[in-house]
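One letter stands for each residue in the lines below.
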Amino acid sequence: MVTPREKVALAHRQSYSVAPQFVIAAPGRVNLIGEHTDYNDGFVLPLAINYQAAVSASKRDDRTIRAFALDEQSQVEISLDVEPEFDHVASWSNYLRGIIAELQNQGFKLCGANLVISGNVPQGAGLSSSAALEIALIKSLVSLSEETIDGVNAALVGQAAENNFVGCSCGIMDQLISAKGERQHALLIDCRSLTLSPVPLPSDTVVLVVNSNVRRALVDGEYNLRRQQCEAVARHLKVAALRDVNLDQLLGVASEISDIEFKRARHVITENQRTLDTAQALVDGDLKQVGLYMAESHASMRDDFEITVPEIDTLVNIIKLVIGEQGGTRMTGGGFGGCVVALFPRQLVPAVIAKINLEYSKVSGTEATIFECEASAGAFT
Ligand code: GLA
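Computed from a predicted structure; not experimentally measured.

(A) Structural view of the UniProt feature "active site" (unreviewed entry) in the chain. Under the UniProt annotation, "active site" (unreviewed entry) lies at Asp174. Topologically, Asp174 is positioned in helix 5 (residues 173–180). If sequence neighbours within four positions are ignored, Asp174 has contacts with Arg29, Ser128 and Ala131.

Below is the structure:
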């Protein structure tokens, strides 16, 4: 199979008649646990996956960035001397526009570039195809301009581009794991200090990602609303973020906030603890315990944070029936469709796949897509 790197390198020669000076790939991610905790300064436990966005780059001697998105067959030209504006037609290019704006605001002296972009991270599935693209673009543009940036700062630039230009108030998880992921490990990330602790995945286990192929509209609106609700509770409690609150403190103000705010905050507070506990259970090789935390996480996302959909709940139930106490499964990512992640002994893979293929479409009317993922290195690792 042709890799995204190979694709962009070949297309670069064909489109621009020169070999690329840089070909950079950055991975998508799957989150084992710690959902909607990142923007609450909390803990997450993602791993970078073996699906990537790739960017090839060569210098131009003018002040133009020309970018060709191979998979969309769409090309844009952006001047480095004009403040970038939102593009309602080539919407993929807003990641590039936002990144150019952020890098220039931060004083990076960018040079003109010819770029080709491609990738095999499934889009709209909650596997961070956009964060992968951002990290690959940032590394390409900065390297080509003979500037330097480290992985953590690259992640912050990507997040700022999403927050300030694209219009999604996302946290730091996706960009950071795409930049700094490690082979065969998940990373426990403290989203306040940005400290990264590698957590080995138990041997002979597999990370299975199952795409429900359900995508609901208004995802960004729902996402931003959840963030506002969490921040409202933190403000009420006069703390910087929900990271600073325990369940007793929340119970103490239960009558002063709305029921919805209470449930949102309860999800975040309990999810932070589950994430820390899951990292420890993985270190101990205790898959049964990991399974319990993942089940609690899913229930909390379903009942308190209200970000799952029936098809996703169905997938979790189907997988759990096969793996029992030998592993765990839950929805992963921002929610409202997308994917389920499962961690369990490798020998159960055929039985899990067979059960999904047999049961899922009966309930959902659509087929699931299944990916066996390997924990991979980030673009800056
Ligand atoms: C999206 C965001 C992340 C994170 C997750 C939910 O992937 O980009 O920052 O908030 O949702 O955990």
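(B) Spotlight on the UniProt feature "domain: Galactokinase N-terminal" (unreviewed entry) in the chain. Residues annotated by UniProt as "domain: Galactokinase N-terminal" (unreviewed entry) correspond here to residues 11–59. Summarising residues 11–59: 12% helix, 53% strand, and an end-to-end C-alpha distance of 16 Å.

(C) Structural detail: the confidence of the model for the chain. Per-residue pLDDT for the chain has a mean of 96; in total, 99% of the residues score no lower than 70. Mean pLDDT in the chain bottoms out at helix 6 (residues 219–236), which sits at 92, and peaks at strand 2 (residues 43–44), which reaches 99.

(D) Seen up close, the pairing of strand 8 (residues 195–200). Bridge count between strand 7 (residues 185–190) and strand 8: 6 bridges; the pairing is antiparallel. Note on strand 8: the bridge partner recorded for Ile189 is Leu196. As consecutive antiparallel partners, strand 7 and strand 8 are separated by 4 residues, and within that stretch Leu194 has a phi angle of approximately 60°, a positive value.

(E) Region of the structure containing the sheet that holds strand 9 (residues 205–215). The antiparallel open sheet is built from 4 strands, whose spatial order is 10-11-9-12. Two strands lie at the open edges of the sheet, namely strand 10 (328–332) and strand 12 (369–373), each paired on one side alone. Taking each pair of neighbouring strands and ignoring which way they run, the sheet shows an average axis angle of 20°. Direction of pairing for strand 9 relative to strand 11 (residues 337–345): antiparallel, over a ladder of 8 bridges. Considered in strand 11, the bridge of Val210 is made with Val340. Lying on the sheet, helix 9 (residues 287–303) is in contact with strand 9, strand 10 and strand 11; it crosses strand 10 at an angle near 30°.

Calculation rules
Residues numbered from 1 in each chain as written. Predicted model: local features only at pLDDT ≥ 70, side-chain atom pairs only at ≥ 80, totals over all residues. Heavy atoms only, no water. UniProt positions renumbered as here; feature names shortened; annotations may be inferred. Helix = DSSP H or I, 4+ residues; strand = E, 2+ residues; numbered from the N terminus. Contact = heavy atoms within 4.5 Å. pLDDT = per-residue confidence, 0-100. Pairing = 2+ DSSP bridges. Axes fitted to C-alpha atoms, helices over the stretch in contact; angles between N-to-C directions.

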